[in-house]
Amino acid sequence: MSGQERRAPIAGDYDAVIVGAGFAGMYSMYRMRELGLRAIVIEAGDGVGGTWYWNRYPGARCDVTSIEYSYSFSKELEQDWDWSELMASQPEIEKYLNHVVDRFDLRKEVVFGTRVTSAVFDEASNRWTVTTDAGDRLVAPYCIMATGCLSSPLMPDIPGVESFKGVSVQTSLWPREGVELEGKRVAIIGTGSSAVQSTPEIAKVAAHLTVFQRTPAYTWPAQNRPITAEEQKLVKESYDALRERQRTSFVGISGSFNSALLEPPTQKILDLNEEERLQALDQHGFGVTRMFADVAMSMEANEVARALYGEQLRRVVKDPETAAALSPTDYPIGCKRPVIDSDYFVTFNRPNVSLVDLRKEPMVEVTEKGIRTSDREHEFDVIVYATGFDAMTGALNRIDIRGRDGVRLAEKWAAGPRNYLGLMAQGFPNLFTITGPGSPSVLSNMMVSIEQHVDWITDCLAHLRDNNIAVIEPTAAAEDDWVHHVNTVATGTMFTAPSCNSWYLGVNVPGKIRQFMPYVGGVGKYREKCDAVAANGYEGFELRAAAVPA
Ligand code: NA7
């Protein structure tokens, strides 16, 4: 049911409109209220959670330790909440955010079931007008886009998708009531993180699961397990230090449960001989490929690591042909976001699981009964699309955002996203993006990056208010410099290797420009830069005073 059918449209003036009720949107609401600003949150879903509201597929789980992937703004919250596992599942994370929202009485500020359709800046009044699919018209000086990085789902352009008579479902739009999979013939298209997490769970209940793979994934064992009472106690005693380490670290992780994540590796794989490499493989399994400094920087080292990865696959997957098909061969380790799995590869040893290698047997069409490849028609009861997202810019670009002179953000970003510090784009005054392109974002623990952005924005708005400033906007020069810097630091890493095709680069979306979007400089350094900009009177931004009443 759409918002339009449920309620009368809202028309009103606010201090800030926040788009999205995920972790970023709800923390923004909390901070805006604390600042004494009148804010409203608009959310397309019928509940809070964002990513953790929509992605309900079997096996959906955080790939960062839950204790690290949690809010730090309330010491009481930290002490009261107990996580059950090292890496929490979707239901537990959704429950946590619901707990936070109720605990701080934030739910009443959210308008659910409503999608923002446009945000238009009026230069005369320095106000944004935000409209929604429910006919709402909200006017505010500030807009905070907490729209998420992986929130614009992609359906593949395969002929016949509509003709399938069975159940079709996307992992990122998994229905709350679930999907009947028991005893069914299930297909899953895709082998990214969503498919890698759901494959073992679906295989446990389906009569048969067929995985349609175009590109094999590098995935590493999550080593998830319950958190012990002793560990909970220790963490609760040391939260302050843990948070400090997160904020100054490279990826926003303190390393409390995995010290390897704290310090970048120093040893080089090229310094080891073949026997030593195999010994390391015996000891660390797939993890060996993430233990060496040169794997991220040298293609030669990367290829050695890739060979070890393939060797480990042959040890784990019994059928040699399946093991070979699952083994990535044509792109480097570290080009894509690491996938973390629970029993993905061993699932292919089950008699009820098969792999279709689309590189050998290309997909032709979806039919009434299933999927036709170049070889034959495969029949299914359920087709699961785990086909990814228009990442980082997708959710922003599908809103008609127009800044000064009616310029559309989607137009400005047609040749790749441009902004200053990943926070604001020139020509779009008073519009903030949280964990947007140009910031550490998806390369980091999102929770740490979300809090850092929201805190920075809150301090910025307090500064504007205290100094009677109506408008903040990056200068063209500061924006150019930042975009240049973001591109420069990514150059030479595996992220931008010519053979790398990742959603970080936007190449999974037909027609999207190839540009590395997140900032690879590290969470700690990035925070220092943002803090220095603020301390220097918002260097790189133009601040315009409010008109003095006549
Ligand atoms: P991803 O990582 O973008 O994976 C999408 C998968 O879908 C990937 O294996 C794609 O293959 C595959 N895909 C897409 N279109 C097709 C078609 N037409 N045919 C066959 N296969 C296709 O999305 P996820 O949701 O798994 O993960 C996103 C992030 O969420 C992840 O990084 C974590 O941070 C959490 P391709 O590689 O393009 O050949």
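In the block above lies the structure referred to throughout.
Note that residues are indexed from 1 along each chain, following the sequence as it is written. Whole-chain, interface and lining totals are the exception, using all residues; otherwise, since this is a predicted model, local features are given only for residues with pLDDT of at least 70 and side-chain atom pairs are given and counted only at 80 or more. The side-chain quantities take in all heavy atoms of the structure and omit both hydrogens and water.

## Examining the overall build of the chain
From N to C terminus, the chain includes 17 helices and 22 strands. Relative to the globule expectation of 24 Å for 550 residues, the C-alpha radius of gyration of the chain, 24 Å, shows essentially globular dimensions. Principal-axis analysis of the C-alpha atoms gives the chain an extent of 80 × 55 × 50 Å. We call a residue buried when its accessible area falls under 20% of the maximum for its residue type, exposed when it is over 50%, and partly exposed in between, using a 1.4 Å probe and counting protein chains only. Within the span of the chain, comprising 550 residues, buried residues form 56% of the whole. Here a residue-residue contact requires only that any non-hydrogen atoms of the pair lie within 4.5 Å. For the chain, restricting intrachain contacts to residue pairs at least 6 apart in sequence, the fraction spanning at least 24 positions comes to 72%. Reported accessibility uses the Shrake-Rupley method at a 1.4 Å probe radius. Residues are deemed covered only where the shown protein chains occlude them. Here the chain displays about 23,200 Å² of accessible surface, and carbon together with sulfur accounts for 50% of that area. Just so you know, the count uses Lys and Arg for positive and Asp and Glu for negative, and it drops His and the chain ends. Every charge is mapped onto a representative atom, which is NZ of Lys, CZ of Arg, CG of Asp or CD of Glu. Computed over 55 positive and 72 negative side-chain charges, the inter-centroid distance for the chain is 2 Å. By definition, any uninterrupted DSSP run of H or I lasting at least four residues is a helix, any uninterrupted run of E lasting at least two residues is a strand, and each is numbered from the N terminus. For this measure, only C-alpha atoms enter the radius of gyration; the expected value for a globule follows 2.2 Å times N^0.38, where N is the number of residues.

## Looking at the sheet that holds strand S8 (residues 142-145)
Within a sheet, neighbouring strands are paired by backbone hydrogen bonds and run either parallel or antiparallel to one another. Spatial ordering of the open sheet is given by S4-S3-S2-S8-S20, a layout of 5 strands whose pairing is parallel. The outermost strands of the open sheet, each flanked by one partner alone, are strand S4 (110-111) and strand S20 (431-433). Strand direction decides the pairing type here: strand S2 (residues 16-19) and S8, joined by 4 bridges, are parallel. Following the sheet pairing, Ala16 is matched in S8 by Tyr142. Its contacts with the sheet put helix H15 (residues 446-466) on S8 and S20, and the angle it makes with S20 is roughly 160°. Two strands are counted as paired when DSSP detects at least two bridges linking them. Axis geometry follows a simple rule: fit a line to the C-alpha atoms, using only the stretch in contact for helices, then measure angles between N-to-C directions, giving values from 0 to 180 degrees.

## Notes on the pattern of salt bridges
Here a salt bridge means any side-chain nitrogen of Lys or Arg lying within 4 Å of a carboxyl oxygen belonging to Asp or Glu. Per the stated rule, a full pass over the model turns up 35 salt bridges. Taking the shortest distance from any N to any O, the salt bridge between Asp330 and Arg359 comes out at 3.1 Å. Linking Asp330 in the loop between helix H11 (320-326) and strand S13 (339-341) with Arg359 in the loop between strand S14 (353-357) and strand S15 (363-366), this pair joins segments that are 29 residues apart in sequence. Relative accessible area serves as the criterion here: at 38%, Asp330 is assigned to the partly exposed category. The partly exposed category is assigned to Arg359, whose relative accessible area is 41%.

## Here's the deal with the sheet that holds strand S16 (residues 370-373)
Sheet architecture is open: 3 strands sit in the order S15-S16-S17, paired in antiparallel fashion. Here the strands that pair on one side only, and so sit at the sheet edges, are S15 and strand S17 (377-379). Geometrically, the sheet is characterised by an average inter-axis angle of 25° between neighbouring strands, direction not taken into account. Across 3 bridges, S16 lies against S17 in antiparallel orientation. When the bridges of S17 are listed, Ile371 appears paired with His378.

## Thoughts on the site of the ligand
Surveying the vicinity of the ligand reveals 19 residues, the closest of which are Thr191, Ser194, Arg214, Thr215 and Arg337. Distance and chemistry together define a polar contact, namely a pair of N or O atoms within 3.5 Å, with one atom able to donate a hydrogen and the other to accept it when in protein, and with adjacent residues in sequence counting only for side-chain atoms on both sides. One of the backbone nitrogen or oxygen atoms of Ala386 is found 3.2 Å away from an oxygen atom of the ligand. Burial of the ligand by the protein amounts to 83% of the accessible area it has alone, namely 780 Å². The classification used treats Ala, Val, Leu, Ile, Met, Phe, Trp, Tyr, Cys and Pro as nonpolar, Asp, Glu, Lys and Arg as charged, and all other residues, Gly among them, as polar. Its residues assigned to classes, the shell around the ligand shows 8 nonpolar, 8 polar and 3 charged. One heavy atom within 4 Å of a molecule or strand makes the whole residue count as near it.

## Some points on H15
Every helix has an expected span of 1.5 Å times one less than the residues it contains. With 21 residues, H15 ought to run about 30 Å at 1.5 Å a step, and its terminal C-alpha atoms sit 30 Å apart, in line with that. Counting buried positions along H15 yields 16 of 21 residues, so the element is predominantly enclosed. One or two residues past the end of H15 sits Asn468, with phi positive at roughly 55°.

## What to know about empty space enclosed by the protein
Whether a set of points on the 1 Å grid over the protein atoms alone is a cavity depends on a 1.4 Å probe fitting there but being unable to get out, while an open set qualifies as a pocket with protein on both sides within 12 Å along at least five of seven lines; lining residues are those with an atom within 4 Å of a point. Grid points are joined across faces, edges and corners, and a volume is the space filled by probe spheres set on the points. All told, the structure shown has 7 cavities of 30 Å³ or more when counted by the stated rule. Looking at the largest cavity, its volume works out to about 70 Å³. Its residues assigned to classes, the lining of the largest cavity comprises 6 nonpolar, 4 polar and 1 charged.

## Quick word on the packing of helix H2 (residues 23-34) against H15
Packing of H2 against H15 brings their axes to within 10 Å, and their N-to-C directions diverge by 30°. The angle between H2 and H15 places the two elements in the roughly parallel class. Helix-helix and strand crossings are classified by hand; for H2 and H15 the assignment is right-handed. Residues Phe23, Ala24, Tyr27, Ser28, Arg31 and Met32 of H2 pack against Met447, Ile450, Glu451, Val454, Asp455, Thr458 and Leu461 of H15. For the contact of H2 with H15, the residue count by class is 8 nonpolar, 2 polar and 3 charged. Here roughly perpendicular refers to angles of 65 to 115 degrees, roughly parallel to angles under 35, roughly antiparallel to angles over 145, and oblique to all remaining angles. The crossing is said to be left-handed when, going from far helix to near helix, the turn is anticlockwise and less than a right angle, and right-handed when the turn is clockwise.

## Let's talk about the state of the cysteines
For this text, the term disulfide refers to a pair of cysteine sulfurs within 2.5 Å. For the coordinates displayed, the defined rule picks out 1 disulfide. Covalent S-S linkage joins Cys335 and Cys500, the inter-sulfur distance amounting to 2.2 Å. Measuring the twist about the S-S bond at about 85°, one finds the Cys335-Cys500 disulfide to be right-handed. On the criterion of sequence distance, the pair formed by Cys335 in the loop between H11 and S13 and Cys500 in the loop between helix H16 (476-490) and helix H17 (523-535) is long-range, its members being 165 residues apart. Left unpaired, Cys62 is separated from the closest cysteine sulfur, that of Cys149, by 14 Å. Residue class for Cys62 comes out buried when judged on its relative accessible area of 5%.

## Digging into the side chain of Glu109
Examined against the element boundaries, Glu109 turns out to sit in the loop between helix H5 (90-103) and S4. Glu109 sits in the buried class, given a relative accessible area of 18%. A polar contact is formed between the side chain of Glu109 and the side chain of Lys108, at a distance of 3.3 Å. Dropping the residues within four chain positions of it, Glu109 is found in contact with Met29, Arg33, Ala39, Ile40 and Val41.

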